[in-house]
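Each chain is listed here by its residues.
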There are 2 protein chains.
Amino acid sequence: MSLVVVGSLAYDGVATPAGRHDRILGGACTYISLAASFFTQVHIVGIVGEDFEQADLDFLGSRGIDLEGVERAPGKTFYWRGVYSEDMNDRETVQTDLNVFAGFDPQLPASYRDRPYLMLGNIQPALQRSVRAQMTAPRLAGGDTMNYWINDYRDELLATLKQWDFLLINDSEARLLSGHKELKRAAAAIRAMGPRILVVKRGEHGATLFYEGGYANIPGVLLDTLKDPTGAGDSFAGGFIGYLARRGVSLADGTAEPLELARAAVYGCIMGSFCCEEFGPDRFRTLTRDDIEARFSHYRQITAF
Amino acid sequence: MSLVVVGSLAYDGVATPAGRHDRILGGACTYISLAASFFTQVHIVGIVGEDFEQADLDFLGSRGIDLEGVERAPGKTFYWRGVYSEDMNDRETVQTDLNVFAGFDPQLPASYRDRPYLMLGNIQPALQRSVRAQMTAPRLAGGDTMNYWINDYRDELLATLKQWDFLLINDSEARLLSGHKELKRAAAAIRAMGPRILVVKRGEHGATLFYEGGYANIPGVLLDTLKDPTGAGDSFAGGFIGYLARRGVSLADGTAEPLELARAAVYGCIMGSFCCEEFGPDRFRTLTRDDIEARFSHYRQITAF
């Protein structure tokens, strides 16, 4: 079943121990939609400037992504530049030019509104809520957020989370949002805010999934080549929701069962791992469904005991 | 089959966000042997001072641990004091009094020498090598080390590792020892130094096991109660080698197969997780085999997909 993805479309400047590249395609919407496109039909909403290359739109289009919701505005595309630490577990933001993204007010095309799945990338919580309100009755809706919104837009964020079925955040954000150090307690507190499905992303260590009455711990996969972790978290989100959309999973009809959610988290880890193998979203240019299934089999092998 | 464990017997002063306790039973040999005692017969070698309490020896004895190799020397027992960070992932050593441990020269009782399993806790590599030389022909021998020996006693350590079948270290030590940032490369380099089985402990994130031709990623378990992480790594080691000894696993006869090793690592994680639930080794006073098997079943559940 089809999926609407809302978030940033950007150009990134990235320096990692494996190299540096400037003005490569980036943004949460880009990574989420590319990763999800291997599982289901994706419709995106985003804003780009006059400098956004046709070749980049063509790349998204080549993955079958519906671009009707992409607005081109006067000015320049959102630009971000960052430098990664030696082990690539930390990064420092050097430059953030919001440009046209500062005026982003996502409007869903009429054809998007009754789509069954919605994934909201990390944007202002009030905008996320506005998008959610434009959807008729999604089978599953949720998204991502970050420390900035948790700290400075807490009330907005809480109002937004109330309407979400799932939330994906990293472990430090989970602790910040909940006020609990212990992950189990943090998860219980966050699930009480609204999202019945919570995925805590843990970088190279995989992810922990919380659902009604339990949790699953999904380890990471060890990469032979790690070039650029930019977008790994968003690619995780794309794999996760893409798999659930493909399977037609919903909280309402009992299809959101633990094993299905855990499998979605494994596909999330897998898409995040592929993302890191090349700079920007380049790995998704050559990736195939067979590559993904081969890595899923590998996952079974490395987690067997 | 029975297991010889060599390492420190100590008193610890520990401060964690859950409380502070002074002069509680500690030391690598203590944790390794207690954890392993739930799987197999254990024979320990260690040194204590005149202040070492009979009640602490009785506790070890109550777990069926053979104390023939414990030497009581004039002076005081090894004392360590540390303070843990808020999230308990880091700790600062405040005091280290080697006391009688400074003169530790482990001599195996005659009855220990033909035992089939050997686990060497973190001590000077030359002493570890001397113990290994005192053993007739163990089915499996190996141990632990730390950054201090890796940095300042590298040649000694390399000579020691050559004779080991397995090594347990944490991820930063694996990077330090190998000179490689990437864990897969680090593991390949370390396995080329001798130990064909390598376990990289990752704290709350579980462990990664490397063997001939592959690896296994074992996630951590989320604790309801985390009081004191002291000894968790050594308890992991005890669960790991204790399980292998119980099963009679050896590299020579093909019984060290991947699933068996992965199961040993899961039992390692389980014993490490129990250890953290109380201060010092107190959890091992009440723990039962049923508790362990219940947590193993829980592991199956939280890792299923």
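For the structure itself, look to the data block above.
Conventions used here
- Residues numbered from 1 in each chain as written.
- Chains lettered and ligands numbered in written order.
- Predicted model: local features only at pLDDT ≥ 70, side-chain atom pairs only at ≥ 80, totals over all residues.
- Heavy atoms only, no water.
- Helix = DSSP H or I, 4+ residues; strand = E, 2+ residues; numbered from the N terminus.
- Rg over C-alpha atoms; globule rule 2.2 N^0.38 Å.
- Buried < 20%, exposed > 50% of the residue type's maximum accessible area, 1.4 Å probe, protein only.
- Contact = heavy atoms within 4.5 Å.
- Areas by Shrake-Rupley, 256 points an atom, 1.4 Å probe, with all protein chains shown as cover.
- Buried area = accessible area lost by both parts, 1.4 Å probe.
- Salt bridge = Lys/Arg side-chain N within 4 Å of Asp/Glu carboxyl O.
- Polar contact = N/O pair within 3.5 Å; in protein donor to acceptor, adjacent residues only side chain to side chain.
- Nonpolar A, V, L, I, M, F, W, Y, C, P; charged D, E, K, R; others polar.
- Phe/Tyr/Trp six-rings, centres within 6.5 Å; stacked < 30°, edge-to-face > 60°.
- Lys NZ or Arg CZ within 6 Å of the ring centre and 35° of its normal.
- Pairing = 2+ DSSP bridges.
- Axes fitted to C-alpha atoms, helices over the stretch in contact; angles between N-to-C directions.
- Least-squares fit on C-alpha atoms with pLDDT ≥ 70 in both.
- Core = buried A, V, L, I, M, F, W, Y, C linked by side-chain atoms within 4.5 Å.

## Focus: the overall build of chain A
Helix and strand counts for chain A come out as 11 helices and 13 strands. Radius of gyration (C-alpha) of chain A: 18 Å, near the 19 Å computed for a compact globule of 305 residues. Projected onto the principal axes, the alpha-carbon positions of chain A cover approximately 50 × 45 × 35 Å. Every one of the 305 residues in chain A was classed for burial, and the buried ones make up 59%. A separation threshold of at least 6 residues defines the contact pool for chain A, and within that pool the share at least 24 residues apart is 65%. When the accessible surface of chain A is totalled, it reaches about 11,400 Å², and 47% of it is carbon and sulfur.

## A short note on the interface of chain B and chain A
Taken residue by residue, the interface counts 35 residues in chain B and 35 residues in chain A. Summing both partners gives a buried area of about 3,200 Å² for chain B against chain A, and 53% of it is carried by carbon and sulfur. The largest share of the area that chain B buries against chain A comes from Tyr 215, Leu 222 and Phe 305 of chain B, three residues that together contribute 29% of it. Taken together, the links from chain B to chain A amount to 6 salt bridges. Asp 224 of chain A serves as the salt-bridge partner of Lys 184 of chain B, at 3.0 Å between the closest nitrogen and oxygen. In this assembly, chain B and chain A are joined by 16 residue pairs in polar contact (both at pLDDT 80 or more). When residues of the side of chain B that touches chain A are traced back to their parent elements, those giving at least two are helix H7 (183-191), strand S12 (207-211), strand S13 (214-218), helix H9 (258-275) and helix H11 (289-302) of chain B. At 5 residues, the largest contribution of residues to the side of chain B that touches chain A is made by H11 of chain B. Taken together, the residues that form the side of chain B that touches chain A break down as 17 nonpolar, 7 polar and 11 charged.

## Points about the packing of aromatic side chains
Applying the stated criterion across every chain, the model contains 30 aromatic pairs over all chains. Ring plane angle 20° and centroid distance 5.0 Å describe the contact between Tyr 243 of chain A and Tyr 267 of chain A, whose orientation is recorded as stacked. Of this pair, Tyr 243 of chain A sits in helix H8 (residues 232-247) while Tyr 267 of chain A sits in helix H9 (residues 258-275), and the two are 24 residues apart along the sequence. For the pair Tyr 243 of chain A and Tyr 267 of chain A, one class covers both residues: buried. Note that Arg 295 of chain B overlies the ring of Phe 274 of chain B, its terminal NZ or CZ placed 3.8 Å from the centroid.

## Quick notes on the sheet that holds strand S10 (residues 166-170) of chain A
Residues and elements named next belong to chain A. The mixed open sheet is built from 9 strands, whose spatial order is S5-S4-S1-S8-S9-S10-S11-S12-S13. Edge positions in the sheet fall to strand S5 (66-72) and strand S13 (214-218), since each of these pairs with one other strand and no more. Sheet twist, expressed as the average angle between the axes of neighbouring strands with direction ignored, equals 15°. Inspection of the sheet shows strand S4 (residues 42-48) paired to S5 by 5 bridges, in the parallel sense. Within S5, the position partnered with His 43 by the bridge is Asp 66. Those strands touched by helix H7 (residues 183-191) are S10, strand S11 (197-201), strand S12 (207-211) and S13, and its axis lies near 50° from that of S12.

## Some details on the relation of the copies chain B and chain A
Relating the two copies of this chain is a rotation about some axis coupled with a shift parallel to it. After a rotation of 180° and a shift along the axis of 0.0 Å, chain B superposes on chain A with an RMSD of 0.0 Å. Here the copies are linked by what is in effect a two-fold axis. Residue Pro 219 of chain B, judged by its C-alpha, is the member of chain B lying nearest the rotation axis, at 2.7 Å. Mapped onto chain A, 100% of the interface residues of chain B again fall at the interface, so both copies present the same surface.

## Considering the pairing of strand S6 (residues 78-84) of chain A
Residues and elements named next belong to chain A. Within S6, 5 of the 7 residues are buried, which leaves it mostly tucked inside the rest of the structure. Relative to S6, strand S2 (residues 10-16) runs parallel, the two being bridged by 6 bridges. Looking across to S6, one finds that Asp 12 is bridged to Trp 80. Between S6 and strand S7 (residues 91-97), which follow one another and run antiparallel, lie 6 residues, and Met 88 among them has a positive phi close to 65°.

## With respect to the nonpolar core
Ranked by size, the top nonpolar core spans 102 residues in total, and within it Phe 240 and Phe 284 of chain A together with Val 6 of chain B carry the most contacts. It is H9 of chain A that contributes the most residues to this core, 11 residues altogether. Those residues in contact with Phe 284 of chain A that lie beyond four places of it in its chain are Tyr 31, Leu 34, Ala 35, Phe 38, Phe 59, Arg 63, Ser 235, Met 271, Phe 274 and Cys 275 of chain A. With 100 residues, the next largest nonpolar core counts Val 6 of chain A together with Ala 207, Leu 287 and Phe 296 of chain B among its residues.

## Some remarks on the environment of Glu 278 of chain A
All names here are of chain A. In this fold, Glu 278 is placed in the loop between H9 and helix H10 (283-286). The partly exposed category is assigned to Glu 278, whose relative accessible area is 29%. In contact with Glu 278, other than residues within four places in its own chain, are Lys 227, Asp 228 and Arg 283. Within the local environment of Glu 278, its side chain forms a polar contact with the side chain of Lys 227, the two groups lying 3.2 Å apart.

## Focus: the sheet that holds S7 of chain A
Residues and elements named next belong to chain A. The 4 strands are arranged S3-S2-S6-S7 in an open sheet whose pairing can be described as mixed. Where the open sheet ends on each side, the last strands, each with one partner, are strand S3 (19-26) and S7. On average, each strand axis in the sheet is inclined to that of its neighbour by 15°, with strand direction left out of account. Relative to S7, S6 runs antiparallel, the two sharing 6 bridges.

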